[in-house]
Structure formats: structure tokens, C-alpha cells
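Residue-level structural notes
Residues per chain, in single letters:
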Amino acid sequence: IRVVKAAILLSSLNSTRKAMQKNLVRKVFSHPIYFIAFGFGAGLSPFAPGTCGTLVGIPLYYFIQSLSLLNYAIVLLLATLIGIWVCDVTERGLGVHDYSGIVWDEVCGFGLTMWAAPSGWLWIVIGFILFRIFDIVKPWPIAWIDRKMPGGLGVMVDDLMAGVYAWLSLQLIHRFF
């Protein structure tokens, strides 16, 4: 009887999860703010949404990489300020702090990683890998910021810090290798 009850409960949870996912997909694709926060839908990935969100940053980087350092910084600052608002609205709407599907912070963090980066696909791949490492590992103070800073600012700042660490690492690799 316990096995039957567990199977029924598991089936019920599975159908509830599917219904919640379907509702989330509908929200993301019908609400422009959620659509941006979810990295144009990349954050809906059931596997590694943060990595998928960072992948969205690559074509965006490609379009702005030729800007002057100042103009690149201005675009990144605007994307970050918009991101703070978009992530805050989405986080409040979902009722979950730093929900894994909110990936605009990864897009901006990767953009910061690539500021003043050397040209070429090799450097994009290295920047991508470095950013993902720092975003996943969250060395001090990134993990603390992730836990303590509320709202859209908190969502964005921990990934921007990961971007700073990745940027420094990328610049050092370029300089010394």
C-alpha cells in the first residue's frame, strides 16, 4: 500500500510540475519583461539554464565587440540597469529570489567578462568558460552577495562580480600567455 501511495504521490507531483512549467513558459513568452529576464527563453532550459543564458550573451557580444571601450561600457551599463529592473520585476512576479531561469544577469556578466577582450573565437570560448566557472563556484564575496543582497540588484551583482573575476583572469591569461 505504501508503494502505491508513493507512486500516486509521485505521479501527482510530476503532473503538477508539468503544469507549473507550462504556465511558466506561457508567462515568459507573453510578458516582455519576463522574456528579457529569461534571456529570450534560454532560461527555460531544463538543463543548465545559466549556461544557456550565457550562450545568449555570445551573439550579443558579437554585435557590440567592435564598439570603443567607452561605448561598450555604456551599452553594458544600460543593459545592467535595465537588467536590475527586469530581474526585480520578474523575481517579484515569480515569488522566488534569483530563480535559476532568470538569466539576464548571466548575459551581462559575460558581457563584462568580454570588455576589452582580445579578438577571436578562442578568447570568446575562454571568456565563456572563465565566467561559467566563477558564476558556478562563487568565490568570496560572490556567494555572500548571492545570499544577502535582495531584489533585482542582488540577482545582477553576484554575476557581475563573477564577470569581474573572469575579466581579470582573461586579461591575465592574455598578458602572460
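Quick caveat, the model's predicted, so the values are computed rather than measured.

Attention shifts here to the packing of helix α6 (residues 121-137) against helix α8 (residues 151-176). Two elements in contact, α6 and α8, have axes separated by 8 Å at closest approach and are oriented at 135°. One finds that α6 runs oblique with respect to α8. With respect to the hand of their crossing, α6 and α8 are arranged in right-handed fashion. Residues Trp123, Ile126, Gly127, Leu130, Phe131, Phe134 and Asp135 of α6 lie in contact with α8, whose contacting residues are Asp158, Asp159, Ala162, Gly163, Tyr165, Ala166, Ser169, Leu170, Ile173 and His174. Of the residues assigned to the contact of α6 with α8, the class counts are 10 nonpolar, 4 polar and 3 charged.

This next bit is on the packing of aromatic side chains. Scanning the model with the defined rule gives 10 aromatic pairs in all. Plain terms: the ring middles of Phe29 and Phe35 are 5.5 Å apart, the flat faces sit at 55° to each other, and that makes the pair tilted. Judged by relative accessible area, which is 52%, Phe29 ranks as exposed. A ring pair is formed by Trp115 and Trp167, whose centres lie 6.0 Å apart and whose planes are at 35°; its orientation type is tilted.

Along the chain, Val56 falls in helix α3 (residues 49-64). The buried category is assigned to Val56, whose relative accessible area is 16%. A sequence separation of 54 residues divides Val56 from Phe110, and the C-alpha atoms of the two residues are 9.4 Å apart. Once residues within four sequence positions are removed from consideration, Val56 is found in contact with Gly39, Phe40, Ala42 and Val107.

The next subject is unusual backbone geometry. Following Trp140, the chain continues into Pro141 via a peptide bond in cis, with omega recorded as 5°. Within the secondary structure layout, Pro141 lies in the loop between α6 and α7 (142-148). One non-glycine residue with positive phi stands out, namely Asp98, at about 50°. You can see Asp98 is positioned in the loop between α4 (69-94) and α5 (104-113).

A cluster of nonpolar residues, Val125, Ile129, Ile133, Ile136 and Val137, forms a patch on the protein surface that exposes about 460 Å² of accessible area. Examined against the element boundaries, Ile133 turns out to sit in helix α6.

Turning our eyes to something else, we now look at the state of the cysteines. One pass over the full model with this rule turns up 0 disulfides. Free of any disulfide, Cys52 has its nearest cysteine sulfur in Cys87, 16 Å distant. Not part of a disulfide, Cys108 finds its nearest cysteine sulfur in Cys87, a span of 7.7 Å. Classification of Cys108 by relative accessible area gives buried; the value is 2%.

Rules used throughout
Residues numbered from 1 in each chain as written. Predicted model: local features only at pLDDT ≥ 70, side-chain atom pairs only at ≥ 80, totals over all residues. Heavy atoms only, no water. Axes fitted to C-alpha atoms, helices over the stretch in contact; angles between N-to-C directions. Helix = DSSP H or I, 4+ residues; strand = E, 2+ residues; numbered from the N terminus. Parallel < 35°, antiparallel > 145°, perpendicular 65-115°, else oblique. Left-handed = near helix turned anticlockwise from the far one by under 90°. Contact = heavy atoms within 4.5 Å. Nonpolar A, V, L, I, M, F, W, Y, C, P; charged D, E, K, R; others polar. Phe/Tyr/Trp six-rings, centres within 6.5 Å; stacked < 30°, edge-to-face > 60°. Buried < 20%, exposed > 50% of the residue type's maximum accessible area, 1.4 Å probe, protein only. Patch = residues over 30% accessible without salt bridge, like charges linked within 9 Å, V, L, I, M, F, W, Y side chains within 5 Å. Areas by Shrake-Rupley, 256 points an atom, 1.4 Å probe, with all protein chains shown as cover. Salt bridge = Lys/Arg side-chain N within 4 Å of Asp/Glu carboxyl O. Disulfide = S-S within 2.5 Å.

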